[in-house]
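Here is how the chains run, residue by residue.
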2 protein chains.
Amino acid sequence: MTFIDGSVEQPVDLQTLRQAGKNARIKGFVHNIRDMGEFSFLILRTGAYTLQCVYNPTYSKTPLDGLREGTCIEVCGEAVDEPRAQNGFELHIVDFTVISSPAEEYPFAINKKYLNLNIDTNLDHRPLTLRNPRQRAIFKIQEAVADGFADFMRQNGFTQMHTPKIVSAGAEGGANIFHLDYFDTKAFLNQSPQFYKQMMVGVFERVFEIAPVFRAEKHHTSRHLNEYVGLDFEMGFISGMEDVMAMETAMLRHLFAYVQAHCLEELAMWKVDVPVVDKIPAFTFMQAREIIEKLGRKPGKWDLEPDDEVALCDHVKRECDSDLVFITHFPAAKRPFYAMDDPTDERFALSFDLLFRGLEITTGGQRIHDYNEQVDKMRRMGLDPADFASYLMAHKYGLPPHGGLGIGLERLVMKLMGLKNVREASLFPRDTGRLQP
Amino acid sequence: MTFIDGSVEQPVDLQTLRQAGKNARIKGFVHNIRDMGEFSFLILRTGAYTLQCVYNPTYSKTPLDGLREGTCIEVCGEAVDEPRAQNGFELHIVDFTVISSPAEEYPFAINKKYLNLNIDTNLDHRPLTLRNPRQRAIFKIQEAVADGFADFMRQNGFTQMHTPKIVSAGAEGGANIFHLDYFDTKAFLNQSPQFYKQMMVGVFERVFEIAPVFRAEKHHTSRHLNEYVGLDFEMGFISGMEDVMAMETAMLRHLFAYVQAHCLEELAMWKVDVPVVDKIPAFTFMQAREIIEKLGRKPGKWDLEPDDEVALCDHVKRECDSDLVFITHFPAAKRPFYAMDDPTDERFALSFDLLFRGLEITTGGQRIHDYNEQVDKMRRMGLDPADFASYLMAHKYGLPPHGGLGIGLERLVMKLMGLKNVREASLFPRDTGRLQP
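Computed from a prediction, not measured in an experiment: that's the story for all the values here. Chains are numbered independently. Their residues run from 1 in the order of the written sequence. Whichever chain is written first is A, and whichever ligand is written first is 1; the rest continue in order. A pLDDT threshold of at least 70 governs which residues receive local features in this predicted model, and a stricter bar of 80 or more applies before side-chain atom pairs are shown or counted, although totals over entire chains, interfaces and linings include all residues. Heavy atoms throughout the structure, all of them, feed into the side-chain values; hydrogens and water do not.

## Points about the overall build of chain A
Logical step 1: By the criteria applied, helices consist of DSSP H or I runs no shorter than four residues and strands consist of E runs no shorter than two, each listed in order from the N terminus. Along the backbone of chain A there are 12 helices and 17 strands.
Logical step 2: Projected onto its principal axes, the C-alpha coordinates of chain A cover approximately 85 × 65 × 40 Å.
Logical step 3: Residue burial is assigned from relative accessible area. The probe radius is 1.4 Å, only protein chains are included, and a residue is buried under 20% of its type maximum, exposed over 50%, and partly exposed in between. By residue count, 62% of the 437 residues in chain A fall in the buried class.
Logical step 4: Here the contacts in chain A between residues at least 6 apart in sequence split such that 64% fall between residues at least 24 apart.
Logical step 5: Surface accessibility in these figures is a Shrake-Rupley result with a 1.4 Å probe; residues are shielded only by whichever protein chains are displayed. As presented, chain A carries roughly 17400 Å² of accessible surface, and 47% of it is formed by carbon and sulfur atoms.
Logical step 6: Note on charges: Lys and Arg go in the positive column, Asp and Glu in the negative column, and His and the chain ends are not counted at all. Every charge is mapped onto a representative atom, which is NZ of Lys, CZ of Arg, CG of Asp or CD of Glu. If you average the places of the 49 positive and of the 61 negative side-chain charges in chain A, the two averages end up 3 Å apart. Pairs of residues are marked as contacts when any of their non-hydrogen atoms sit within 4.5 Å.

## Description of the nonpolar core
Where a protein is soluble and globular, its nonpolar side chains tend to be buried together.
Logical step 1: Formed by 90 residues in total, the largest nonpolar core has its most connected members in A:Phe233 and A:Phe256.
Logical step 2: The greatest single-element share of this core, amounting to 12 residues, is contributed by helix α6 (residues 241-262) of chain A.
Logical step 3: Beyond its immediate stretch of four places on either side in the chain, A:Phe233 contacts A:Phe149, A:Met153, A:Phe158, A:Lys197, A:Val207, A:Phe208, A:Val244, A:Met247, A:Glu248, A:Gly404 and A:Leu405.
Logical step 4: Only buried residues count toward a nonpolar core, which is a set of Ala, Val, Leu, Ile, Met, Phe, Trp, Tyr and Cys residues joined through side-chain atoms within 4.5 Å. Grouped together as the second largest cluster of nonpolar side chains are 88 residues, A:Phe388, B:Ala137, B:Ala144 and B:Ala150 included.

## Some words on helix α12 (residues 409-417) of chain A
Residue and element names in this part refer to chain A.
Logical step 1: With 8 of 9 residues buried, α12 is to be regarded as a mostly interior element.
Logical step 2: Every buried residue belonging to α12 is among Leu409, Glu410, Arg411, Leu412, Val413, Met414, Leu416 and Met417, and all of these are buried.
Logical step 3: Phi for Gly418, located one or two positions after α12, is positive at around 75 degrees.

## With respect to the interface of chain B and chain A
Logical step 1: Contacts between chain B and chain A engage 124 residues on the former and 124 residues on the latter.
Logical step 2: As used here, buried area is the combined drop in accessible area, with a 1.4 Å probe, of two parts when they are placed together. Overall, the association of chain B and chain A removes approximately 10100 Å² of surface from exposure, summing both partners, and the carbon and sulfur fraction of that is 64%.
Logical step 3: What makes a salt bridge here is a side-chain nitrogen of Lys or Arg within 4 Å of a carboxyl oxygen of Asp or Glu, nothing more. Linking chain B with chain A are 2 salt bridges.
Logical step 4: Between B:Asp147 and A:Arg154 there is a salt bridge, and its shortest N-O distance comes to 3.2 Å.
Logical step 5: Under the rule applied, a polar contact is a pair of N or O atoms within 3.5 Å (in protein, one hydrogen donor and one hydrogen acceptor; residues adjacent in sequence only if both atoms are side-chain atoms). Where chain B packs against chain A, one counts 55 residue pairs in polar contact (both at pLDDT 80 or more).
Logical step 6: By residue number, the principal contributor to the side of chain B that touches chain A is helix α4 (residues 133-155) of chain B, which donates 9 residues.
Logical step 7: When residues are grouped by polarity, Ala, Val, Leu, Ile, Met, Phe, Trp, Tyr, Cys and Pro land in nonpolar, Asp, Glu, Lys and Arg in charged, and all others, Gly among them, in polar. Looking at the side of chain B that touches chain A residue by residue, the class counts come to 63 nonpolar, 32 polar and 29 charged.
Logical step 8: In short, DSSP must find at least two bridges between two strands for them to pair. In the sheet, strand β1 (residues 2-4) of chain A pairs with strand β13 (residues 280-284) of chain B via 3 bridges, with the strands oriented antiparallel. Looking at β13(B), one finds that A:Ile4 is bridged to B:Ile280.

## Brief notes about the packing of helix α4 (residues 133-155) of chain A against α6(A)
Residue and element names in this part refer to chain A.
Logical step 1: Where α4 meets α6, the axes come as close as 8 Å, and the angle between the chain directions of the two elements is 135 degrees. Judged by the angle between their axes, α4 and α6 are oblique. Handedness of the crossing formed by α4 with α6: right-handed. Each of Ile141, Ala144, Val145, Asp147, Gly148, Phe149, Asp151, Phe152, Met153 and Gln155 in α4 lies in contact with α6, whose residues at this interface are Met247, Ala250, Met251, His254, Leu255, Tyr258, Val259 and His262.
Logical step 2: Classifying every residue of the contact of α4 with α6 by side-chain character gives 12 nonpolar, 4 polar and 2 charged. To obtain each axis, a line is fitted to C-alpha atoms, and for helices this fit is confined to the stretch in contact; angles are then taken between N-to-C directions over 0 to 180 degrees. Each angle receives one of four descriptions, namely roughly parallel if under 35 degrees, roughly antiparallel if over 145, roughly perpendicular if within 65 to 115, and oblique otherwise. Each crossing gets its hand from how the near helix is turned against the far one by less than a right angle, where anticlockwise is left-handed and clockwise is right-handed.

## Section: the domain arrangement of chain A
Interface extent is often summarised as the accessible area lost during association of the parts.
Logical step 1: Partitioning chain A into structural domains gives domain 1 (14-100) and domain 2 (133-425).
Logical step 2: Where each domain begins and ends follows an automated or database-derived domain assignment. Here the C-alpha centroids of domain 1 of chain A and domain 2 of chain A sit 46 Å apart.

## A look at the relation of the copies chain B and chain A
Logical step 1: Copies are brought into register by a least-squares superposition over C-alpha atoms of residues with pLDDT of at least 70 in both. Relative to chain A, chain B is turned by 180 degrees and slid 0.0 Å along the rotation axis, the superposed coordinates differing by an RMSD of 0.0 Å. These values place the two chain copies in the arrangement generated by a two-fold rotation axis. Residues of chain B ranked by C-alpha distance from the rotation axis are headed by B:Leu180, positioned 2.4 Å from it.
Logical step 2: Looking at the interface residues of chain B, 100% of them are also at the interface in chain A, so both copies use one shared face.

## Details of the environment of B:Leu405
Residues and elements named next belong to chain B.
Logical step 1: Of note, Leu405 is situated in strand β17 (residues 402-408).
Logical step 2: Here Leu405 falls in the buried class, since its relative accessible area comes to 0%.
Logical step 3: If we ignore the near neighbours within four places in the chain, the residues touching Leu405 are Lys197, Leu231, Asp232, Phe233, Glu234, Val244, Glu248, Phe352, Thr362, Thr363, Gly364 and Arg367.

## Here we look at unusual backbone geometry
Logical step 1: Between A:Gln436 and A:Pro437 the backbone carries a cis peptide bond, its omega angle lying at -5 degrees.
Logical step 2: One can find A:Pro437 in the segment after α12.
Logical step 3: Although it is not a glycine, B:Phe237 adopts a positive phi angle of roughly 60 degrees.
Logical step 4: As for its position among the elements, B:Phe237 is in the loop between β12 (227-236) and α6 (241-262).

## Looking at the sheet that holds strand β6 (residues 89-100) of chain B
Residue and element names in this part refer to chain B.
Logical step 1: The 5 strands are arranged β2-β3-β4-β6-β5 in a closed barrel whose pairing can be described as mixed. Within this sheet the neighbouring strands show an average axis-to-axis angle of 55 degrees, counted without direction.
Logical step 2: Here 6 bridges tie strand β2 (residues 24-35) to strand β3 (residues 40-45), and the two strands are oriented antiparallel to one another. Across the sheet, the residue bridging to Asn32 is Ile43, located in β3.

## Describing the pattern of salt bridges
Logical step 1: Per the counting criterion, the structure on display carries 44 salt bridges over all chains.
Logical step 2: Residue B:Glu105 is joined to B:Arg68 by a salt bridge in which the shortest nitrogen-to-oxygen separation is 3.8 Å. Placement of the pair is B:Glu105 in the loop between β6 and α2 (119-124) and B:Arg68 in the loop between β4 (50-55) and β5 (72-81), with a sequence separation of 37 residues.
Logical step 3: A cluster of three or more residues bridged by salt bridges with shared partners is formed by A:Asp273, A:Lys317, A:Asp321, A:Asp323 and A:Arg357.

## Notes on the packing of α4(A) against α12(A)
Residue and element names in this part refer to chain A.
Logical step 1: Put simply, α4 and α12 touch, their axes get as near as 10 Å, and they point 120 degrees apart. The pairing of α4 with α12 is recorded here as oblique in orientation. The two elements α4 and α12 cross, and the hand of that crossing is right-handed. Residues Ile138, Ile141, Gln142, Val145 and Ala146 of α4 form the contact with α12, whose participating residues are Leu409, Glu410, Leu412, Val413, Leu416 and Met417.
Logical step 2: Grouping the constituent residues of the contact of α4 with α12 by class yields 9 nonpolar, 1 polar and 1 charged.

## A few points about the sheet that holds β17(B)
Logical step 1: Taking strand neighbours across the sheet as the criterion, the 9 strands line up as β1(A)-β13(B)-β14(B)-β15(B)-β16(B)-β17(B)-β12(B)-β11(B)-β7(B) in an open arrangement whose pairing is mixed. Two strands in the sheet have a free side with no partner beyond their single neighbour: β1 of chain A together with β7 (159-160) of chain B.
Logical step 2: As judged from the 7 bridges shared by β12(B) and β17(B), these two strands associate in the antiparallel manner. From the neighbouring strand, B:Leu231 faces β17(B), where its bridge partner is B:Ile407.
Logical step 3: Against the sheet, helix α5 (residues 194-204) of chain B touches β7, β11 (206-214), β12, β16 (359-367) and β17 of chain B, its axis set at about 30 degrees to β12(B).
Logical step 4: Taken strand by strand, helix α9 (residues 306-320) of chain B contacts β13, β14 (324-328), β15 (351-356) and β16 of chain B, and its axis lies near 120 degrees from that of β14(B).

Okay, here's the thing in structure tokens:
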């Protein structure tokens, strides 16, 4: 028998390394070697940063011969101030040890600032291309976006939950759902935690979830993924959908400030223009259509077309200097059965989208909380309430007025960072033709 | 056009409510009404607590007639100190407004301290049974367990990531995998983020994920779920699997302290005995077999049987006063292809389990990082390396020695709280016969 006492080492950060002076030790990947004649630069890549190390025969014991990119080494040396180096200091290599060696040379350079690969080559080689510092920075920003969301939710009394992804009926219905063999029966992959969020309003009043969402959409565009990460919340005891929109406004204000505070270096690397959220303008769908017409375009009758969303956002940016705009009161016929219709005009639903820099990133709204009203609406839409018995249990035994929304994490990161394709904001994206890596 | 300014209301906490004195206002569910003759108690349930309110004709305007459980109301009244009340004060109802009404009476009482329902009735009525304060407390503790995990990981330089659940090959192989129709091809639901964790060691060195994991196991026991939440981490530049075990030890120490600090009331409600983690004893598989034999049992040859795990944990509790025990060096033949064999004795793998109060909650170990070694082992095990080309890209282009582990969130909560069935620790559990709610 032995005992494990829980002594763990923190990764060595740049400040600690610099202060270590002559006793600096650091492990990492060989990222780049540049032979300068008299001496060589070795750029070491750790999980958090890159570091300029210098081989010079006057103080280095072992030549760098045969070290190739991807080799894992431990360097012992001296941290020396050097204003021209990216971190303000460099490491004079006294000696190094090889920890592990790659089997092959990289098929292309990942140590250039810009990868300059086409998107498919990038995605096909994800275990490699993500090692590029600019590529991996996307996912430090993605992490901060999700953390900023969770941080705000907790501060505002929301409980984080985990709901099942294998379900007996999809939340959005329709054909865009993945089918699954589940032992001796059929099941589906959930299109949204909608039903569970509503059930849980009866339990915790305010809930949120960060989890995968599955959509079997056949669209192959730069903004669709077939599996994405949903940032979802739902809240009870609202006065109207404006309470949900206000919560999203406050949340985004917090989220962007959080990203700003936690990702200084990554934001600088990408020259990200982080929006400062003050008030967000809101138009009804009919108002939005008018604007789109005035812009010389022909708007869709039931929904906004992608190009109309771009035109509308450009207009709002010019007129209100806002990167965000809410569109409310969509035609009820095109919204799901759980959406509450506007009691003052039942042609429209109390539902909204949020557009960010030309792209829809959120759909949300107020839901029906009254049991009989929900059952009636299901029947009018040709649905059998018996198929939704366990969901309707929440309504039957009492639910307060409530609403919520879902945000696509990858789309939010895409538009925040100005990426051209949503796949760039997914570690290992899934689309109609891509199941690997 | 209107503007949404992001003014949001925090839920009213008990302290704020108490300090509001004569101006107390609070929204919630009618949880219980008890007619005491001269007056009545109305227990109001919010998303976070229950509150004793008093109807008394001397100060209450409107009788409680017809109010039933599940009705959502807003109460206006006076917060008055009352040492006998659970929160140290009660609310004298001046008036109330009905916000929404349920369509039907609850089919059973959820306002008793103990639900006393059989597990299937409980699970069939989840939208209702979770409203019981003791039931929902399980999920506040579950939330704190996951938060405590994430909190520790971040403090120790791990990056949180989101990896796909729809995959072209399962991480664990074998028959225990769900099949999926993916457009014109076949796909699977991932059994673990194992491959992605390893790929990402080459990117961030240390990564973690909290996400659903899918296992098509036909076991119908009190400790199996077919979908559960995996707490996973992986770390690079380790000296051996002991580094991973040390990280888990430190993590659990932090996690349990975190739960202790964040769930005072819920822990008291369930009389939870939260372990204080100091050192965790570790036995090799062969040592564990010897102990099990000495205990008069016949141990399994390749793995520990569930009953042996219970007996071993009882023994360790008696001898070392530890609720946790590591078992290391399992027979290599029964461990997956990515497990590193012990170079000093190749019959055994550098892999370990962690048992907690009689149940395995973790499997982890050191992985193979060398490309040729991994390819050779795959071939020896009858696997075709070509089927794992994108996974092996990580090894081919260089990986440091690394290892990691996975923890089942529901199992951890089950054993922490002393629940009899893992389903009780899942909001909406999935088993071989359960797809609803």
